[in-house]
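Breakdown of the fold
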Amino acid sequence: SGLSYPRQPAATAKRCVHRQQALPLRIDGVWYDASDWASDHPGGRWLLDYARGRDVTALYNAIHMRREVPAAVALSKLPRLDSVALPSRPGLAPSELEAEGALQGAYVFSLNVPPDSPPLPPINSALRKDLQGLLHRHFPTAASTKATCGHWLRTVIAALGTVACWACWFKGSALACLMLPFIHWILIAHTVHEATHGNLSTDPRINYWAQFTAHPICFNVFVWIPQHLLSHHQYTNDFEHDVDVHHFAPALLSAEQASLLSDDASKVRVSSRDDGESAAARTRFNQGWTFVWKGFLTTLGTSILQPLRTLLEKPTPNFAVNITPIPQAVSKRTLFLSLLPSLFVLIYPLIAFVPSAPLLGIFLEIWPWVGMSLIFTCMTQVSHVQSATQPAADVGERCWTARQILTSLDYSMTDPVVTALAAGLNAQSLHHAMPSVGCAHFPRLYDEYAAICERHGVVLRQSKNVATAVGEMLDYIFKNNAPRSVQHQIDYPSLQ
């Protein structure tokens, strides 16, 4: 069975504002209306619009570490809302939210009944204060935290290479197709992740448009932002609130998870014990292989399947609802338009080349997706899907910053070439602890950052290089998904 989510009351706010006019954000348990101030937000209005109706407590505190006092002053001037219109249950489709006149809810993803307050460790700490000091010493201005001249030069070169590869792919060049995922990834590594965090430029318009370099074969930006910023960066490796932990379901990425089973249309059951025919089949198959085969097609999901689930209002496989929603501020029309380039890449080779040159056409059809998927999976998953980065028993007793550091893996930390190629993900713990710093600065910061962590008893999780990190990830995945004969069952609440 399971618990049913209670119906939440509609909003009655201090300010008489329509749901679509207000911009509610919850920080430290208080709902603020940022609508009148959003256009003055240094990071751009779009970042606030995409967080409409969400709890951003951890994100707000992390992003504003360097300028904590000015951010607090600006926050204190925002009008407060007595309450907001929460959905009757999590995971409502856009049409259902419109019918209820409700916001999406405080959490992008929640396996259990959404908690009244975010399940976060204490944010203020001595560790955080010392890292603030590091930021103040190295970055006197906002511009000094952004991309360097060298970063911009590499970005331009990668952009030209990417355009050339796509142009030759369009003409049917097998060589250009072979190189395409690698060249395009270099452009993505210099733009998308930085822009999403506002770290590429001081101009929010540049950050906004630079994100779309992830299209058409890496991921759809509108799907990416909620899960990356609002879910993953706030609740890293918390399998109840970090949606990234569930992208390869039924493969288990968290040591705290049990196997995911769709029990029926009205609930999600997470089960890892012998429970009939399905569980018996599970005990004979290591879901680590599911992680592997999905890893070959990751970006087909992030670019096409995930956006389509919102457009068609369909649930994510293994779940009763869509766990990768887009921001409520983004219309279905906008989402559909953003999907068109990806659909073109998927369809064009089948029409233009397969009838006359089948082998070439199939290569042009498959390799851009498979090549980018392998790169994306390796670059992103090695940073958190590790035995060493699972939330330990003592992590909950530490501060939020320590939790971010301890659930992230670093490799080749002071190598500027690796940093540029990996989008800074090779120094993931530094990025999660101080997400407002551009990755071009990571190599020169890392030793001082590591010394601060050591002083506070936070042991960095590290691997020698990306190859060893990938090997450790796969070893953990297959051990974590090893068939079990005696297992434990958790029934999660009704989503219907």
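Anything mentioned here points back to the structure above.
Cut-offs and rules
Residues numbered from 1 in each chain as written. Predicted model: local features only at pLDDT ≥ 70, side-chain atom pairs only at ≥ 80, totals over all residues. Heavy atoms only, no water. Helix = DSSP H or I, 4+ residues; strand = E, 2+ residues; numbered from the N terminus. Buried < 20%, exposed > 50% of the residue type's maximum accessible area, 1.4 Å probe, protein only. Contact = heavy atoms within 4.5 Å. Areas by Shrake-Rupley, 256 points an atom, 1.4 Å probe, with all protein chains shown as cover. Expected span 1.5 Å × (residues − 1). Bend = angle between axes of the 7 residues up to and from the residue. Axes fitted to C-alpha atoms, helices over the stretch in contact; angles between N-to-C directions. Parallel < 35°, antiparallel > 145°, perpendicular 65-115°, else oblique. Left-handed = near helix turned anticlockwise from the far one by under 90°. Nonpolar A, V, L, I, M, F, W, Y, C, P; charged D, E, K, R; others polar. Pairing = 2+ DSSP bridges. Phe/Tyr/Trp six-rings, centres within 6.5 Å; stacked < 30°, edge-to-face > 60°. Salt bridge = Lys/Arg side-chain N within 4 Å of Asp/Glu carboxyl O.

Some words on the overall build of the protein chain
What the protein chain contains, in helices and strands, is 19 helices and nine strands. Looking at the protein chain as a whole, 57% of its 496 residues qualify as buried. Sequence separation of 24 or more characterises 74% of the internal contacts of the protein chain that already satisfy a separation of 6 or more. When the accessible surface of the protein chain is split by element, carbon and sulfur atoms take 62% of a total near 20,400 Å².

Quick word on helix α12 (residues 298-312)
Along an α-helix, a turn takes 3.6 residues, which lines up residues three or four apart on a common side. With 15 residues, α12 should reach 21 Å at 1.5 Å per residue; the first-to-last C-alpha distance of 20 Å fits that figure. By the largest-angle criterion, L305 marks the main kink of α12, which is about 30°, and a proline, P307, follows within four residues. Counting buried positions over the 15 residues of α12 gives eleven, a clear majority of the element. Residues of α12 that are buried include every one of T298, T299, G301, T302, S303, I304, Q306, P307, R309, T310 and L311, and no others. On its buried face, α12 is in contact with α4 (94-100), α9 (221-232), α11 (288-295), α13 (332-352) and α14 (358-381).

Some details on the environment of S231
Mapping S231 onto the fold places it in helix α9. The class of S231 is buried, set by a relative accessible area of 1%.

Brief notes about the packing of helix α7 (residues 174-196) against α14
Interaxial distance between α7 and α14 falls to 9 Å at its minimum, and their mutual angle equals 25°. Considered as vectors, α7 and α14 are oriented roughly parallel to each other. Crossing angle aside, the handedness with which α7 passes α14 is right-handed. Together, A174, C177, L178, L180, P181, F182, H184, W185 and I188 of α7 and L360, F363, L364, W367, P368, G371, M372, I375, F376 and M379 of α14 make up the contact between the two elements. Grouping the constituent residues of the contact of α7 with α14 by class yields 17 nonpolar, two polar and no charged.

Quick notes on unusual backbone geometry
The omega angle of the peptide bond from H215 to P216 is 5°, so this bond is cis rather than trans. Counting through the fold element by element, P216 comes out in the loop between α8 (204-210) and α9. Phi at N237 takes a positive value of approximately 65°, unusual for a residue other than glycine. When you line up the elements, N237 lands in the loop between α9 and β5 (260-264). One non-glycine residue with positive phi stands out, namely A423, at about 60°. Tracing the backbone through its elements, the reader meets A423 in the loop between α16 (416-421) and α17 (428-433).

Details of the pairing of strand β1 (residues 24-27)
Here β1 shows a buried face lined by P24 and R26 and a second buried face lined by L25 and I27. Sheet topology places β1 next to strand β2 (residues 30-33); four bridges connect them, and they run antiparallel. By the bridge assignment, I27 is partnered in β2 with V30. In textbook terms, the turn of a hairpin is the stretch between consecutive antiparallel strands, and for β1 and β2 this stretch comprises two residues, one of which, D28, has a positive phi near 50°. Both β1 and strand β3 (residues 54-55) contribute to a ladder of two bridges, which runs parallel. Counted as the bridge partner of L25 is R54 from β3.

A closer look at the packing of aromatic side chains
As enumerated under the stated definition, the model contains 22 aromatic pairs in all. With centroids separated by 5.5 Å and ring planes inclined at 70°, the aromatic side chains of W46 and Y208 adopt a geometry described as edge-to-face. Pair noted here: W46 is in helix α1 (residues 45-49) and Y208 is in helix α8, with a separation of 162 residues, a long-range link. Taken individually, W46 and Y208 each receive the classification buried, so the pair is uniform in this respect. A connected cluster of aromatic rings, assembled from ring pairs, spans W46, Y50, Y208, W209, F212 and F222.

Digging into the sheet that holds β3
Across the sheet, which stays open at both edges, the four strands sit in the order β3-β1-β2-β4 with mixed pairing between neighbours. Every other strand in the sheet has two partners, leaving β3 and β4 (80-81) as the edge strands with one partner each.

Quick notes on the pattern of salt bridges
Inspection of every chain in the model, using the stated rule, returns ten salt bridges. When the shortest N-O distance is used, the salt bridge between D55 and R26 registers 2.6 Å. Highlighted residues: D55 in strand β3 and R26 in strand β1, separated in sequence by 29 residues. The same class applies to D55 as to R26, namely buried. A salt bridge links R455 to D130; the nearest nitrogen and oxygen atoms lie 3.4 Å apart. One end of the pair, R455, is in helix α18 (residues 442-455); the other, D130, is in helix α5 (residues 126-138), with 325 residues separating them in the sequence. Through salt bridges with shared partners, a single ionic network connects R45, D49 and R52.

Purely geometric numbers; function is a separate question.
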